[in-house]
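So the chains spell out like this:
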Amino acid sequence: MNTKFLITVLFVASSFLGMAQNKFFTKKASISFYSKTSVENIEAINNKALAVIDMASNKIEFSVLIKGFEFEKAMMQEHFNEDYLESDKYPKAIFKGSFNEPVPAINITENKTLTLKVSGSLTLHGITKPINTVAVLQIKNNVISAVSNFKILLSDYNIKVPAVVGNSISKEIEIKVNTASLVEMK
Amino acid sequence: MKRILLLMIAAFSLEQIVAQDTTSMVSGLEDKITSEKVTGTFRSTRVINSHSTEMLHKGEMDFRILHRFGSVKTGYKNLFGLDNASMRLSFDFGITNNFMIGIGRSTLLKDIDIFAKTRILQQTKGENEMPVSFLVAGGYIVTTQESLAPKNPTIVDRSSYYLQMIIGRKFTPDFSMQLSPMVLHNNTTLNATDDQTIIGLGGGMRYKVSQRIAIVLDYNYAIGKLDATIKNPLSVGVDIGTGGHVFQLHFSNATGMNEKGYLTQTTGDFFKGDVRFGFNLSRIFRIGKKQKTASQYLLPTLKEK
């Protein structure tokens, strides 16, 4: 009787442990960015970013196609690809990072919000720079998702803005990341 | 010894970090791109004078101001042609992403021109590759200046029509080329001996020298009987793009800025220095509805505790 109970406990515990160490992914993460100036607000979104969050190794990776960013103005989208990001030469933006501390055990059935520090590097326009930010992991109704915000400087990534439009494009760009619901990788 | 050992350990662990960094977790998730539109073949909807493979997007209006000065051959007394200017003002509209119309007026012969252009094939890359873009343009030009022979010509006499195909390809991110054969019919010709129907073989090229500056070339070879004084139009220039503006600065032997004007009424010989400085200025305005924006997507944002 005692041994049976122990085995059950161990079994349950190990399954929880296993859950905590799982890898999650999505092909539908949203990455949006915002340039705010007194002249013009510019924003674009890409809803087809790839994301993998590996709880076991604490690793995070995002990959997004530059051409997939949608703008309010089609012409702006064309210029963004042609003149600013040169997406023919640098088709992707990639973030590789990790949680600064181990992710606590996650039970998918238990609603919970975790705020975790993330550090890593963003490769954009052929240049890799470190990024430090905070990610919020949320488990709600058996769904796990993550969001994060951070800012980058265009000059860090050698993205040149001509003087004529210098007032309408912010030097600092705010980036919002939302994985929506993550799927467990099997 | 200890130091060397430590260094070696450090080097090894560093190597491991680097090695780990190159492994990508997302690489297995990537979908194959079956078809991706190739955009930005040319900077503007015109190479210089000729229609290019570019289209306006739906809801865009392109206000174009074109200038052609006098021949640089006229020398310093005429400030190398800058004393004389010929103009064309036009408004082009993107009705859909694949259909546009436009209306323009030139000071030369007080021509009014209208056109429609449609894209039938769009160059794409990926698995379902389409190697070229294919467009068709058609237009009508009417001369409104008086004192044309015969006396009191009717509107029909003063009319010209053209139909053009445009086949273009962006070969590399920097280099694009297009061919644009055209059939042009003038009801009244400039010289009595000129053929009314002329075929023009157009060729256009663009080479990007920097992100925003490109060298462009626009040439038309006329087939049909034209007076010896009529030359094939050749224009060479630079495109400078800044946001919603495109500046095209160039040298051309053509003064006419519509299809009839440049194909059948160009008299300067480019290679004898009978060229004129010119510029095209294009400013695109959005008059239609905008596309969906980031903030219009309902993004659930989580608040930190």
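Reading the values: rules and limits
- Residues numbered from 1 in each chain as written.
- Chains lettered and ligands numbered in written order.
- Predicted model: local features only at pLDDT ≥ 70, side-chain atom pairs only at ≥ 80, totals over all residues.
- Pairing = 2+ DSSP bridges.
- Helix = DSSP H or I, 4+ residues; strand = E, 2+ residues; numbered from the N terminus.
- Axes fitted to C-alpha atoms, helices over the stretch in contact; angles between N-to-C directions.
- Buried ≥ 20, exposed ≤ 12 C-beta atoms within 10 Å, placed from the backbone.
- Contact = placed C-beta atoms within 7 Å.
- Core = buried A, V, L, I, M, F, W, Y, C linked by C-beta atoms within 7 Å.
- Nonpolar A, V, L, I, M, F, W, Y, C, P; charged D, E, K, R; others polar.
- pLDDT = per-residue confidence, 0-100.

## Let's talk about the sheet that holds strand β12 (residues 234–242) of chain B
Residues and elements named next belong to chain B.
In step 1: Here we have 12 strands rolled up into a closed barrel, ordered β2-β3-β4-β5-β7-β8-β9-β10-β11-β12-β13-β14, and antiparallel in their pairing. The sheet shows a mean angle of 20° between the axes of neighbouring strands, taken without regard to direction.
In step 2: As judged from the 10 bridges shared by strand β5 (residues 111–121) and strand β7 (residues 133–143), these two strands associate in the antiparallel manner. Bridge assignment links aspartate 111 to a residue of β7, and that residue is threonine 143.

## What about the environment of Thr255(B)?
Residue and element names in this part refer to chain B.
In step 1: Along the polypeptide, threonine 255 turns up in the loop between β13 (245–252) and α2 (259–264).
In step 2: Here threonine 255 falls in the buried class, since 23 other C-beta atoms lie within 10 Å of it.
In step 3: Distance in space between the C-alpha atoms of threonine 255 and glycine 268 is 8.7 Å, their sequence separation being 13 residues.
In step 4: Every residue in contact with threonine 255, bar those within four places of it in the chain, is listed here: Arg68, Ser86, Leu108 and Arg276.

## Some words on the nonpolar core
Residues and elements named next belong to chain A.
In step 1: Core analysis: the largest hydrophobic core is formed by 39 residues, its most contacted members being Ala29, Ala49, Ala51, Ile53 and Phe62.
In step 2: Taken together, the elements giving at least two residues each to this core come down to β1 (23–36), β2 (41–54), β3 (59–65), α2 (74–84), β5 (92–99), β6 (112–124), β7 (127–140) and β8 (143–153).
In step 3: In terms of residue count, β2 provides more of this core than any other element does, seven residues in total.
In step 4: Each residue touching alanine 51, except ones within four places of it in the same chain, is listed here: Phe25, Thr26, Ala29, Phe62 and Thr179.

## Quick look at the pairing of β7(B)
It is a general feature of regular strands that their side chains alternate between the two faces of the sheet.
Residue and element names in this part refer to chain B.
In step 1: Burial along β7 is one-sided: the face carrying Ser133, Leu135, Ala137, Gly139, Ile141 and Thr143 is buried and the face carrying Phe134, Val136, Gly138, Tyr140 and Val142 is not.
In step 2: Looking at chain direction, β7 and strand β8 (residues 159–170) are connected through 10 bridges and run antiparallel. Considered in β8, the bridge of tyrosine 140 is made with tyrosine 161.

## A word on the interface of chain A and chain B
In step 1: On the side of chain B, 33 residues touch chain A, which itself brings 38 residues to the contact.
In step 2: Of all the secondary structure elements, the ones that give two or more residues to the side of chain A that touches chain B are β1, β2, β3, β4 (70–71), α2, β6 and β7 of chain A.
In step 3: Element by element, the count of residues in the side of chain A that touches chain B is highest for α2(A), at seven residues.
In step 4: Across the side of chain A that touches chain B, the residue classes break down as 13 nonpolar, nine polar and 16 charged.

## A word on α2(A)
One turn of the α-helix equals 3.6 residues, which is why residues spaced by three or four share an orientation.
In step 1: For α2(A), the complete set of buried residues consists of Ala74(A), His79(A), Phe80(A), Asp83(A) and Tyr84(A).
In step 2: Where α2(A) is buried, its residues touch β4 of chain A together with β12 of chain B.
In step 3: Two residues or fewer after α2(A) comes Glu86(A), characterised by a positive phi angle close to 45°.

## As for unusual backbone geometry
In step 1: Residues other than glycine seldom take positive phi values, yet Ala180(A) does so here, at roughly 55°.
In step 2: Under the C-beta neighbour-count criterion, Ala180(A) is labelled partly exposed, with 16 such atoms within 10 Å.

## A word on the confidence of the model for chain A
In step 1: Chain-level pLDDT for chain A is 87 on average; 89% of the residues reach the 70-or-more range.
In step 2: Per-residue pLDDT stays below 50 along residues 15–20 of chain A; that stretch engages in nine contacts with residues further than four places along the chain or on separate chains.

## What to know about the confidence of the model for chain B
Residues and elements named next belong to chain B.
In step 1: In this model, chain B carries a mean pLDDT of 86, and residues with pLDDT of at least 70 account for 86%.
In step 2: Per-residue pLDDT stays below 50 along residues 14–21; that stretch engages in one contact with residues further than four places along the chain or on separate chains.
In step 3: Counting contacts from residues 298–305, a segment whose pLDDT is below 50, to residues more than four positions away or on other chains yields 12 contacts.
In step 4: Across the interfaces of the predicted complex, the ipTM metric reaches 0.73, alongside a pTM of 0.80.

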